[in-house]
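Here's the letter readout for the chains.
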Number of protein chains: 2
Amino acid sequence: MPDNLGQEEYELLARLAHRYYVDGRTQEELSREFGLSRPKVQRLLERARWTGVVDIHVEAPPWLHLDLEAQLRGAFGLADAIVSPARADPQAQREEVARCAARYLERRLRDGYVVAVSHGRDTGEVPRFFRPARRLGCTFVSAMGGSPRVDAPTNPNEICRAFAERAGGRAVSLFAPAYVESAEMRDRLLAQDAVAEALRVAAAASMALVGIGGTDDDCTMVRSGCFSAEELARLRRWGAVGDVLGNYVDARGRVIASPESGRLIGLSIDDLRRIETVIAVVSEAEKPKAILGVLRAGVVDVLILDEGNARAVLGATGEDRGSGTTRGAGTARVTRRWEAPRAGTKEVVGSTTVR
Amino acid sequence: MPDNLGQEEYELLARLAHRYYVDGRTQEELSREFGLSRPKVQRLLERARWTGVVDIHVEAPPWLHLDLEAQLRGAFGLADAIVSPARADPQAQREEVARCAARYLERRLRDGYVVAVSHGRDTGEVPRFFRPARRLGCTFVSAMGGSPRVDAPTNPNEICRAFAERAGGRAVSLFAPAYVESAEMRDRLLAQDAVAEALRVAAAASMALVGIGGTDDDCTMVRSGCFSAEELARLRRWGAVGDVLGNYVDARGRVIASPESGRLIGLSIDDLRRIETVIAVVSEAEKPKAILGVLRAGVVDVLILDEGNARAVLGATGEDRGSGTTRGAGTARVTRRWEAPRAGTKEVVGSTTVR
DNA sequence: GTGAGAGGTGAGCAAATGCTCGGGCGTGGA
DNA sequence: TCCACGCCCGAGCATTTGCTCACCTCTCAC
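Fair warning: this is a prediction, and the values are worked out from it, not measured in the lab.

1. Focus on the sheet that holds strand β3 (residues 114–117) of chain B
Residues and elements named next belong to chain B. Taken together, the seven strands give an open sheet; going across it, the order is β2-β10-β9-β6-β3-β4-β5, and neighbouring strands pair in parallel fashion. Looking at strand neighbours, the two that pair on one side only are β2 (80–84) and β5 (170–172), the edges of this open sheet. Between one strand axis and the next, the sheet turns through 20° on average, direction left out of account. Where β2 lies against strand β10 (residues 302–306), five bridges are found, and the strand directions are parallel. The residue of β10 that forms the bridge with valine 83 is leucine 305. Where helix α6 (residues 121–129) meets the sheet, it contacts β3, β6 (207–211) and β9 (277–282), and its direction lies at approximately 125° from that of β6.

2. Quick look at the protein's contact with DNA strand D
With respect to spatial proximity, 11 residues lie near DNA strand D, and among them Lys40 and Arg43 of chain A together with Tyr20, Arg38 and Gln42 of chain B are the closest. Sugar plus phosphate: this is where 54% of the atoms of DNA strand D within 4 Å of the protein reside. Glutamine 27 of chain B places a main-chain nitrogen or oxygen 2.8 Å from a phosphate oxygen of DNA strand D. Arginine 38 of chain B places a side-chain nitrogen or oxygen 2.6 Å from a base oxygen of DNA strand D. Where the surface near DNA strand D is concerned, the elements lending two or more residues are α3 (38–51) of chain A together with α3 (38–51) of chain B. Among the elements that make up the surface near DNA strand D, the one with the highest residue count is α3 of chain A (three residues). Classifying every residue of the surface near DNA strand D gives three nonpolar, four polar and four charged.

3. A closer look at the pairing of strand β8 (residues 247–250) of chain B
Of the two faces of β8 of chain B, the one carrying Asn247 and Val249 of chain B and the one carrying Tyr248 and Asp250 of chain B are both buried. Between the end of strand β7 (residues 240–244) of chain B and the start of β8 of chain B, which pair antiparallel, lie two residues, with leucine 245 of chain B showing a positive phi angle near 50°.

4. Some remarks on the pattern of salt bridges
Applying the stated criterion across every chain, the model contains 54 salt bridges over all chains. Among the salt bridges present, the one from aspartate 80 of chain A reaches arginine 73 of chain A, with a minimum N-O distance of 3.5 Å. By the burial criterion, aspartate 80 of chain A is buried, and arginine 73 of chain A matches it. Sharing partners across several salt bridges, the network here consists of Arg19, Asp23 and Glu33 of chain A together with Arg73 and Asp80 of chain B.

5. Thoughts on the relation of the copies chain A and chain B
For the pair chain A and chain B, the best superposition has an RMSD of 0.1 Å and corresponds to a rotation of 180° with a translation of 0.0 Å parallel to the axis. What we have between these two chains is a two-fold relation. Residues of chain A ranked by C-alpha distance from the rotation axis are headed by isoleucine 56 of chain A, positioned 2.2 Å from it. An overlap of 100% is found between the interface residues of chain A and their copies at the interface of chain B, pointing to a shared contact surface.

Rules used in this analysis
Residues numbered from 1 in each chain as written. Chains lettered and ligands numbered in written order. Predicted model: local features only at pLDDT ≥ 70, side-chain atom pairs only at ≥ 80, totals over all residues. Heavy atoms only, no water. Pairing = 2+ DSSP bridges. Helix = DSSP H or I, 4+ residues; strand = E, 2+ residues; numbered from the N terminus. Axes fitted to C-alpha atoms, helices over the stretch in contact; angles between N-to-C directions. Contact = heavy atoms within 4.5 Å. Near = heavy atom within 4 Å. Polar contact = N/O pair within 3.5 Å; in protein donor to acceptor, adjacent residues only side chain to side chain. Nonpolar A, V, L, I, M, F, W, Y, C, P; charged D, E, K, R; others polar. Buried < 20%, exposed > 50% of the residue type's maximum accessible area, 1.4 Å probe, protein only. Salt bridge = Lys/Arg side-chain N within 4 Å of Asp/Glu carboxyl O. Least-squares fit on C-alpha atoms with pLDDT ≥ 70 in both.

Structure follows, in structure tokens:
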């Protein structure tokens, strides 16, 4: 198969690889057995992997999209990205994403962690699926104020309460609206101990779980009564494409300093940047622009979303990055781990996947 | 694919494996990323390999028989076994085996090595293919006496000379016949300085290259005039099935103390046992009994032979050992290296190879 | 309720592995 | 012929990995 290999070399590589991977000898044993230096054996094994004499294949469940996840991580420098299986029904899709988020939290939460939580339908679904293996001494705190037209489970306080119940931890509520009428009113509210204290806890969180909002007329901010359609239209004119915790950003990820930003009660983008792990959960269709904007703002560490948004976001990034790996998730050829001995990276990786 | 895995676990294993093998993270990074202890990650990766979520495949050239080699090593405790590609024509087959032997020597020989060499048509072919990359300060010494009806290239002295020429080393000749008329004559010859010296060098060799002789009427010993057909028939009656360096053994590998053994000039089986690496080269058809006998004598460390003999020897060993691995050499599932977490060995290995 | 056993867990260590770097050798050009 | 360049090689070190062992928890029988 590897045509650029001489017969002699092919035999040697195959022998070494077989002895190493199948028979389980160590490289040192092989070096004695074949009369080579140990580093030489290691270089030859590397070459065997590189030429395809050794093929390491990861058989992933068909419903996972590890390739998309890898592309997302790569494209946006995320610590992690999770693409949930696709569902036709929006509610089912939301639950699927929430399930992924819940699993993720279960893996990552540790006693004593403080988690700042946003509002939103996506975020709100997460607690339902959250079942940690044991009681966690965690604190869940609202990272933003509540919405006037409350349908309970999407309000941050309520979400925190649900989390705390599931985790056996405690909830810290923020008793304030997300947006107040004026900057002056905001400052006076922030001077209240109860409000200031909650925000202080939230700002010191080690983790944040946030949704990503859009700017269409049906977005959470409008539905929940925070904004009128006119206010939102004005934000769009300012270039807004989406928000986290009420902080709007434009397509290039720059925070928009609109009149609205002065009326916001909750963590700022800069507050978020100081939080170690910011987890964004998104499931709704037609959100790629908002997601892109927020990703470009560089506050998100972990992105959990559905397949459709993942593809849309990646598609919008520019031409197909790593199109070679777009094949079925099941077939993942070895790239970075067993890099080419010495060669330009991207290029060469591209050529292996052909094979 | 792995049906005995829960969905959740399958996902986790796939994620870990992908991150480890494809993205090249370390286990420690994964442990942080997934919120697991490092040993846990390592156990999960082990499980991923074991359940087939990760599949390591060695693509060997179709003309190699790495599976047969592994079985030979296993069955007879050999340090190494090399099965040469099959050839229909006996002479072509002999050359193929000799080529393998030559390659093997090239890999193993080091400056200062002393190699004891037997007579025989197989051994005699090796020097023709021997082309070390650089001059080797090696000594090649006859491990047994010569034969009366000399056709030059099968006499040990001549083989040594050819080796020395190719290697740029030196040859030490043994000026004596393989068999003399009586034990008394042998003792007197051994008392000769020239003879004793050569044998002393041979006995102190770090390597021996020997053929394996049969007991049919056309064997080297008869063709070369060492024995008459009658003498050979007598050896057969004593149970002889084959020889190394003129030392005959029976089917169970016991040395035969016949009248002939007292007349032999060359290294004994015990001398051979003291040599670190004894390499046996065999190609002729119909030799499996001789090979088996000699293997059972436990003097051979490395066996180099043709496919037909390899299969015959293994077939005769008892029922198909490791029949699971008898498939094409190209497909070698991982066994020993990534053993089952905790389980009886043979059994479990058998079951992987099914898959 | 209580005790015994099985199974799972992570600290810590020994071995194996990957990698860097200085040095030798061959090749091709002046 | 001699020199420069580049390639390959292996010693030695830092990191990663595999593994052992003591402990902990959970289950089940008594």
